[in-house]
Amino acid sequence: MKNYIRPLIEELGDFLLAGGWCRFSKVEILQRGKPIHVCSALDIPKKSLKRLIDPRKNLNLIKMNRPNVMGILNTTPDSFSDGGKFDTVFMATEHAKKMTNDGADIIDIGGESTRPGAEYVEVFEEISRTRPVIQAFRQISSLPISIDTRKSAVAKAALLAGADWVNDVSGLSFDKNMVDVAVKSGVPLCIMHSPANPKQMQQNAKYDNVLLDVYDHLEKRVELAVTRGVPRAKIIVDPGIGFGKTQEHNLALLRGLALFHSLGCSILVGASRKRFIGTISDSENFDKRMPGSVAVALAAGGQGVQFVRVHDVLETVQAFKLWAAVRC
């Protein structure tokens, strides 16, 4: 029976998790249908321990000695939180500049909404929304840029315009050519879990065990990418908070985030302003969900997550600075 290994974070642990800022000495061994077993990290296979403790390599200009903040830039008319606010090159570039000044480590630019029920956007339209913004921002900043897309043609156009990462919100399931784009360009590749396309993803959100099911899915996609030529060190995994998940699913994933370190990849969490934050905090309006979003980002950082994808960059960066100061 397959073992799933989740490190248990503790302040004075013997091992650094992923070479970062969290420590652990013990792990949980999870098996489907069986009670959780806790043991010393020294008792697990050496290969498994190595994946947990190996430092994650720096990606482009991004260092892995602290949680990194990815600023969201939606150049769309219909994104759930900020649709229509940044759908001109000028407004998008100004917002990218603001997030840079606020302390963002990378800007994630997307031209197709992935909110539940969102409609498909044609390739030419998505490129027309993203490429000019990437070109304009690249003229004034060297800050890393990620292209948030599920289409290889959009990713190619973005990379040629100056983007540095590919963030595939379909987890390589929508466009079979996306892996080739990452291999040929040599850029980092983020693989997100999503059980279906945005239009249908919330209609059948069922799992046997959401934490283990999402882990298994990402493990298969990572192995596919590695087999095709993407170095594991350049892969980032994202459990896809809010994508085909209920509130209970989201919370289970957030509680178990440290499990994903067993994949030997960096981890990204994008929970900013999502519905479950509004439900739990009784905040109907998207722009009132900043405090809850920051709380989730800090919880993710507390499990060694290397990247958080957020709308509220200034507040998140400030929170991480204070969090780090208190921990020292």
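Residues numbered from 1 in each chain as written. Predicted model: local features only at pLDDT ≥ 70, side-chain atom pairs only at ≥ 80, totals over all residues. Heavy atoms only, no water.

A. Region of interest: the layout of surface pockets. By volume, the second largest pocket is sized at about 250 Å³. Lys2, Asn3, Tyr4, Ile5, Lys47, Ser48, Arg51, Leu52, Tyr215, Glu219, Leu259 and Ser262 are the residues that line the second largest pocket. Counting residues per element, the ones that place at least two in the lining of the second largest pocket are β1 (4-9), α1 (46-53) and α6 (210-228). No other element matches the 4 residues that α1 contributes to the lining of the second largest pocket. Tallied by class, residues from the lining of the second largest pocket come to 5 nonpolar, 3 polar and 4 charged. (1 Å grid on protein atoms, 1.4 Å probe; cavity = no way out; pocket = protein on both sides within 12 Å on 5 of 7 lines; lining within 4 Å. Points joined across faces, edges and corners; volume = space filled by probe spheres on them. Helix = DSSP H or I, 4+ residues; strand = E, 2+ residues; numbered from the N terminus. Nonpolar A, V, L, I, M, F, W, Y, C, P; charged D, E, K, R; others polar.)

B. Summary view of the pattern of salt bridges. The final tally for this structure, using the stated rule, is 19 salt bridges. Here Lys50 and Asp54 are joined by a salt bridge, their closest N and O atoms 2.7 Å apart. Taking the relative accessible area as the measure of exposure, Lys50 reaches 49% and is therefore partly exposed. As a salt-bridge pair, Glu125 and Arg129 come within 3.1 Å of each other at their nearest N and O atoms. Of this pair, Glu125 and Arg129 are both found in helix α3 (residues 123-138), 4 residues apart, which corresponds to roughly one turn of the helix. Judged by relative accessible area, Glu125 falls into the partly exposed class, the value being 29%. Salt bridges sharing common partners tie together Lys2, Arg32, Asp213, Asp216 and Glu219. (Salt bridge = Lys/Arg side-chain N within 4 Å of Asp/Glu carboxyl O. Buried < 20%, exposed > 50% of the residue type's maximum accessible area, 1.4 Å probe, protein only.)

C. How the structure looks around α3. Compared with an ideal rise of 1.5 Å per residue, which puts 16 residues at 22 Å, α3 spans 22 Å between its outermost C-alpha atoms and is within 8% of the ideal. Among the residues of α3, those classed as buried are Glu126, Ile127, Arg129, Thr130, Val133, Ile134 and Phe137. Close packing links the buried residues of α3 with β5 (68-74), α2 (89-101), β6 (106-110), β7 (145-149) and α4 (152-161). (Expected span 1.5 Å × (residues − 1). Contact = heavy atoms within 4.5 Å.)

D. Geometry of empty space enclosed by the protein. Here the structure, examined in full by the defined rule, presents 1 cavity of 30 Å³ or more. One number sums up the size of the largest cavity: a volume of about 50 Å³. Along the walls of the largest cavity sit Val269, Ala271, Ser272, Ser293, Val296, Ala297, Ala300, Val308, Arg309 and Val310, which together make up its complete lining. Elements supplying a minimum of two residues to the lining of the largest cavity: α9 (290-301) and β12 (307-310). With 4 residues, the top contributor of residues to the lining of the largest cavity is α9. Per-class residue counts for the lining of the largest cavity are 7 nonpolar, 2 polar and 1 charged.

E. Spotlight on the sheet that holds strand β10 (residues 235-238). Spatially, the 8 strands close up into a barrel ordered β5-β6-β7-β8-β9-β10-β11-β12, and their pairing is parallel. Looking at each pair of strands side by side, their axes are set apart by 25° on average, direction ignored. As paired strands, β6 and β7 are joined by 4 bridges and run parallel to one another. Opposite Gly110, over in β7, you have Asp148 as the bridge partner. Against the sheet, helix α10 (residues 313-327) engages β5 and β12, with an angle of about 175° to β5. (Pairing = 2+ DSSP bridges. Axes fitted to C-alpha atoms, helices over the stretch in contact; angles between N-to-C directions.)

F. Quick look at the pairing of strand β9 (residues 189-192). Side-chain alternation along β9 places Leu189 and Ile191 on one buried face and Cys190 and Met192 on a second face that is also buried. When strand β8 (residues 165-168) meets β9, the two strands line up parallel, connected through 3 bridges. Counterpart to Asp168 in the pairing with β9 is Ile191. Crossover handedness for the path β8 to helix α5 (residues 178-185) to β9: right-handed. In this structure, β9 lies alongside β10, joined through 4 bridges in parallel fashion. Paired with Met192 across the strands is Asp238, a residue of β10. (Right-handed = clockwise from strand over helix to strand, strands pointing away.)

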